[in-house]
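# Analysis of the macromolecular model
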Amino acid sequence: MSVQVQQSIVADGDLITTAEAGTLWGLFCERVRRCPAAIACRDYDPVAQRWRDHSWLAMAARVDEFRAALAQESFAPGDRVAILLANGPDWVCFDIAAHALGLVVVALYPHDTAASNTSILGHAEARLILLDDEARWQSLAPFRPEFPSLQRIWIRDVAANTGPAAADPMARALADVLAGACASPPAPHQAAPGDLAALVYTSGTTGRPKGVMLSHFALLWNAEAVAALIPPQRSDVILSVLPLAHAFERTVGYYLPMMAGCTVAYARSVQDLRDDLVTLRPTVILGVPLLYERMAAAIRAAAAGSLVRRALLRSATAIGWRLFEAAQHRARPGLAVGLLGRILHRAVAVQVLAAFGGRLRVAVSGGAPLDWGDIRLLIGLGLPLIEGYGLTEAGPVVAANGLGDNLPGSVGRPLRGLEVRLGTAAELLVRSPAMMSGYWKDDRETARVLDPAGWLSTGDVAEIKDGRIFIRGRLKDMIVLSIGEKVNPKIVEAELTRDPMFRQAVAVGDRRAFVAAVIVLDAGLWKRFAAEKGLDAERPNHPAGKIEVLARLEPRLATLPRYAQVRAVHLTLAPWTIEAGLLTPTLKVKRDVVQRLFAAEIDAMYRPQQDAGSIRGR
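Quantities reported herein were computed from a predicted structural model and do not represent experimental measurements.

Before going further, it helps to examine the state of the cysteines. Applying the stated rule across the entire model yields 0 disulfides. As a non-bridged cysteine, Cys 93 has Cys 41 as the owner of its nearest cysteine sulfur, 7.0 Å distant. Taking relative accessible area as the criterion, Cys 93 reaches 1% and is therefore assigned buried. With no disulfide partner, Cys 262 has as its closest neighbouring cysteine sulfur the one in Cys 35, 9.9 Å distant.

Mapping Ala 225 onto the fold places it in helix H8 (residues 216-229). What makes Ala 225 buried here is its relative accessible area of 1%. Along the backbone, Ala 225 and Thr 18 are 207 residues apart, and their C-alpha atoms lie at a distance of 9.7 Å.

Taken together, the side chains of Leu 339, Leu 340 and Ile 343 define a hydrophobic patch exposed on the protein surface, amounting to about 250 Å² of accessible area. Tracing the sequence through the fold places Ile 343 in helix H13 (residues 335-354).

So, about the sheet that holds strand E2 (residues 39-45). Taken together, 9 strands build an open sheet; the order of strands is E3-E2-E12-E11-E13-E14-E15-E16-E17 and the sheet is mixed. The sheet is open, and its two borders are formed by strand E3 (50-55) and strand E17 (413-414), each paired with just one other strand. Of the pairings in the sheet, the one linking E2 to E3 comprises 6 bridges and is antiparallel in character. Along E3, the bridge assignment pairs Cys 41 with His 54. Against the sheet, helix H3 (residues 56-71) contacts E2 and E3, and its axis sits at roughly 80° relative to E3.

As a further point, take the sheet that holds strand E27 (residues 566-572). With mixed pairing, the 3 strands of this open sheet are ordered in space as E25-E26-E27. Two strands bound the open sheet, and with one partner strand each, they are strand E25 (502-508) and E27. Sheet twist, expressed as the average angle between the axes of neighbouring strands with direction ignored, equals 25°. Of the pairings in the sheet, the one linking E25 to strand E26 (residues 515-521) comprises 6 bridges and is antiparallel in character. From the neighbouring strand, Phe 502 faces E26, where its bridge partner is Leu 521. In this fold helix H16 (residues 489-497) packs onto E25, E26 and E27, with an angle of close to 155° to the strand it touches most, E25. Against the sheet, helix H18 (residues 543-556) contacts E25, E26 and E27, and its axis sits at roughly 120° relative to E27.

With that settled, consider the side chain of Thr 113. Checked against the element boundaries, Thr 113 lands in the loop between strand E5 (104-107) and helix H5 (114-124). Accessibility expressed as a relative area gives 19% for Thr 113, which makes it buried. Of note is the side chain of Thr 113, whose polar atom sits 3.1 Å from the backbone nitrogen of Ser 116. Apart from residues lying up to four places away in sequence, Thr 113 is in contact with Ile 578 and Glu 579.

As a further point, take the packing of aromatic side chains. In this description, an aromatic ring pair is defined by two values, namely the gap between the centres and the angle between the planes. Taken as a whole, this structure holds 13 aromatic pairs when the rule is applied. The interplanar angle of 70° and the centroid separation of 5.4 Å between the aromatic rings of Tyr 44 and Trp 51 together place this pair among those described as edge-to-face. Look at Tyr 44 and you get partly exposed, because its relative accessible area is 23%. Overall, Trp 51 belongs to the buried group, its relative accessible area being 19%. Considering the side-chain rings of Phe 66 and Phe 94, the 5.7 Å spacing of their centres and the 90° angle between planes classify their relative orientation as edge-to-face. Of the two residues, Phe 66 is situated in helix H3 and Phe 94 in helix H4 (residues 89-100); the sequence distance between them amounts to 28 residues. Taken together, the ring pairs connect Trp 25, Phe 28 and Trp 56 into an aromatic cluster. If you follow Lys 210 out to its NZ or CZ, it ends over the ring of Tyr 439, 5.5 Å from the centre. Positioned above the aromatic ring of Trp 455 is the side chain of Arg 421, whose terminal nitrogen or guanidinium carbon lies 4.5 Å from the ring centre.

At their nearest, the axes of H3 and H4 sit 8 Å apart, and the two run at 55° to each other. With respect to their mutual orientation, H3 and H4 come out oblique. Viewed along their axes, H3 and H4 form a crossing whose handedness is right-handed. Where H3 approaches H4, its residues Met 59, Arg 62, Val 63, Phe 66, Arg 67 and Leu 70 are matched on the opposing element by Pro 89, Asp 90, Val 92, Cys 93, Phe 94, Ile 96, Ala 97, Ala 98 and Ala 100. Taken together, the residues of the contact of H3 with H4 sort by class into 12 nonpolar, no polar and 3 charged.

Now for the pairing of strand E10 (residues 211-215). Extensive coverage of E10 is indicated by the burial of 5 of its 5 residues. Of the two faces of E10, the one carrying Gly 211, Met 213 and Ser 215 and the one carrying Val 212 and Leu 214 are both buried. Bridge analysis of strand E9 (residues 196-201) against E10 gives 5 bridges, and the strand direction is antiparallel. The residue of E10 that forms the bridge with Val 200 is Val 212. Note: E10 against strand E20 (residues 438-439), 2 bridges, orientation antiparallel. Considered in E20, the bridge of Met 213 is made with Gly 438.

One pass over the structure, following the stated rule, counts 39 salt bridges. Across the pair Asp 45 and Arg 52 runs a salt bridge, and its minimum N-O distance is 3.3 Å. The exposure class of Arg 52 is partly exposed, given its relative accessible area of 29%. In this structure, Arg 474 engages Asp 460 in a salt bridge whose closest nitrogen and oxygen atoms are separated by 3.2 Å. Remark: Asp 460 occurs in strand E21 (residues 456-465) and Arg 474 occurs in strand E22 (residues 468-474); sequence separation between them is 14 residues. By relative accessible area, which is 26% here, Arg 474 ends up partly exposed. By relative accessible area, Asp 460 is classed as buried at 8%. Bridged by salt links that share partners, the residues Asp 14, Glu 20, Glu 30, Arg 31, Arg 33, Arg 34 and Arg 234 form one connected network.

Glancing now at H18. Taking 1.5 Å as the rise per residue, H18 with 14 residues should run 20 Å; its terminal C-alpha atoms sit 21 Å apart, in good agreement. All of the buried residues along H18 are Gly 545, Lys 546, Val 549, Leu 550 and Leu 553. All buried residues of H18 fall inside an arc of 125° around its axis, so they share one side. Elements that come into contact with the buried residues of H18 comprise H16, E25, E26, helix H17 (523-533) and E27.

Criteria and thresholds
Each chain has its residues counted from 1, following the order in which its sequence is written. For this predicted model, a pLDDT threshold of at least 70 governs which residues receive local features, and a threshold of 80 or more governs which side-chain atom pairs are given and counted, while totals over whole chains, interfaces and linings are taken from all residues. Processing note: side-chain calculations cover all non-hydrogen atoms of the structure and skip hydrogens and water entirely. The term disulfide is used for any two cysteine sulfur atoms that are within 2.5 Å. The rule is simple: take the accessible area with a 1.4 Å probe, protein chains only, and divide by the maximum for that residue type; under 20% is buried, over 50% is exposed, in between is partly exposed. For helices the rule is a DSSP run of H or I covering at least 4 residues; for strands it is a run of E covering at least 2, with both sets numbered from the N terminus onward. Patch membership is restricted to residues that have no salt bridge and whose relative accessible area is over 30%. Joining uses 9 Å for like charges and 5 Å for the nonpolar side chains Val, Leu, Ile, Met, Phe, Trp and Tyr. Throughout, the Shrake-Rupley method with a 1.4 Å probe supplies accessible areas, and for residues the shown protein chains are the sole cover considered. We define a salt bridge as a contact between a side-chain nitrogen of Lys or Arg and a carboxyl oxygen of Asp or Glu at a distance within 4 Å. Any two strands are treated as partners once DSSP identifies two or more bridges connecting them. Two residues form a contact once any of their heavy atoms are found within 4.5 Å. Whenever a helix is involved, its axis is fitted only over the stretch in contact; in every case the axis is a line through C-alpha atoms, and angles between N-to-C directions fall within 0 to 180 degrees. Two N or O atoms form a polar contact when they lie within 3.5 Å of each other; inside protein one atom must be a possible hydrogen donor and the other a possible acceptor, and for residues adjacent in sequence the pair counts only when both atoms belong to side chains. Stacked, edge-to-face and tilted labels apply to pairs of Phe, Tyr and Trp rings (six-membered ring for Trp) whose centres lie within 6.5 Å, assigned for plane angles under 30 degrees, over 60, and everything in between, in that order. Two thresholds decide whether a charge sits over a ring: the Lys NZ or Arg CZ must be within 6 Å of the ring centre and within 35 degrees of the ring normal. Note on terminology: angles under 35 degrees are roughly parallel, angles over 145 are roughly antiparallel, angles of 65 to 115 are roughly perpendicular, and the others are oblique. Should the near helix be turned anticlockwise from the far one by less than a right angle, the crossing is left-handed, and should it be turned clockwise, the crossing is right-handed. Polar here means any residue other than Ala, Val, Leu, Ile, Met, Phe, Trp, Tyr, Cys and Pro, which are nonpolar, and Asp, Glu, Lys and Arg, which are charged; Gly is therefore polar. Each helix should span, by expectation, one fewer than its residue count multiplied by 1.5 Å. An arc is given here, and it is the one of the directions from the helix axis to the C-beta atoms.

Any functional reading would require information that these geometric values do not contain.
Below is the structure:
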């Protein structure tokens, strides 16, 4: 099956096209030329304790400072330079300055482990790195022999009366570097659209991260194609939450806004997100399911203390969902429903949406499926939520729903000019103008996933119906039981973690007789549950505790086929974290690492003497 969609760009007249930009440096120059005084971005000044605006002209001046400083290092076009900063103006300015000199940018995750970032620095053979502070360099310095190509370390935030050069002669304070640069930057390098622009390292959920090579053209084409599906507006304020090291945020939350002339506001932190939403009042937000799950949980928690509030929330959600379905031309709600919807919207939804700033016109979720209950709640209350799909190797966006063509549960239709089809075992194959050039220094793996005709093997099991893509799971993660039945572990895990007592979960059982799960418990809720059931809270894996947990799971998993229901569990109170190497920087569970860590416990669940940990009667 093959689907190819052609759409026309619909914007408000100021979109810079891929052809007009040519390269990322060309895109920036054209945006500065068109609206120098407009607000490019907004960030928070912790010293002055206020938000500050940066015009495109001010950004250009900062870019020139970085260009002049980089020119002094005598790097050649194609050399790699790395960024390890939180999202903000300096991330953007350094990125653009590097592209002006023909350098290839390698972005690192601020929340990743030092060991992981070390591996990337060494593999990419980065020549220079821009870091946020001295503590960051201190965490990387012990691994110095593993990235021998690094020649310069620029540290932006340096404490008074200290000097990074004392610890390493190649480390310098960014302020000193910029102050010592020549007054004017050199002429820009004349890059071609097909030249390598970035190495974007995959999250590493299925092994060592791979360096995806993306050209200027690939990144620009993908951003323009997304703009055709979800037209940006010059008046948009886009709240940047995901790290810019992530290909999705960089393309849709950085290059696309530059194409359209939107303003990007950089959120301070997850902890400050509620305040930032109210203060900045964004019109667009990009997030992963965890962000929307937390939003939904906060809405439910606010209504939990009152029967009246809970009833109003249920009614507003149900009526709002019917009106949403009507707007998508899938239902006819009737006059009474429309009237009731307006009343409930004013009574309930307006207050909820005000917590998001009250102006959101697009909220995008990607990276993993959203919980169906959360989708119905948020959309029912009027949040304009759409899901999309992509992968770094495809530049990264492959498909998305549109605001007027939104079918929750699907990831929408392919971008215009992009082809999809199903291969062996219903694997989704993609062919796109934004395709990667390959994996850095890994021709063998490139040939494995990218065939000579340009079709990329995504590794995702999918279904295509009426031109829409439905992702059914990862091919590698699919559990094939010894009885021959196939189980999608993501579906099982999603059902498990809908219970707030189960924070994280990995379903196992490949080539085994039944499905089991390793589950991280919420310590507070488990303690309360254990007290209610007369269990020892310090011994979650006591047979009595496992029996009670499985009994709690049974009704939640009842909608799954009998062979897909969990029959044994291993419980832990220690959360899986990035620091422990069990989560990627984008908070995805590293399934293979978890299974190795709990290999003995998993084996024990399948031994006959462990029947006390299985649901009785099965």
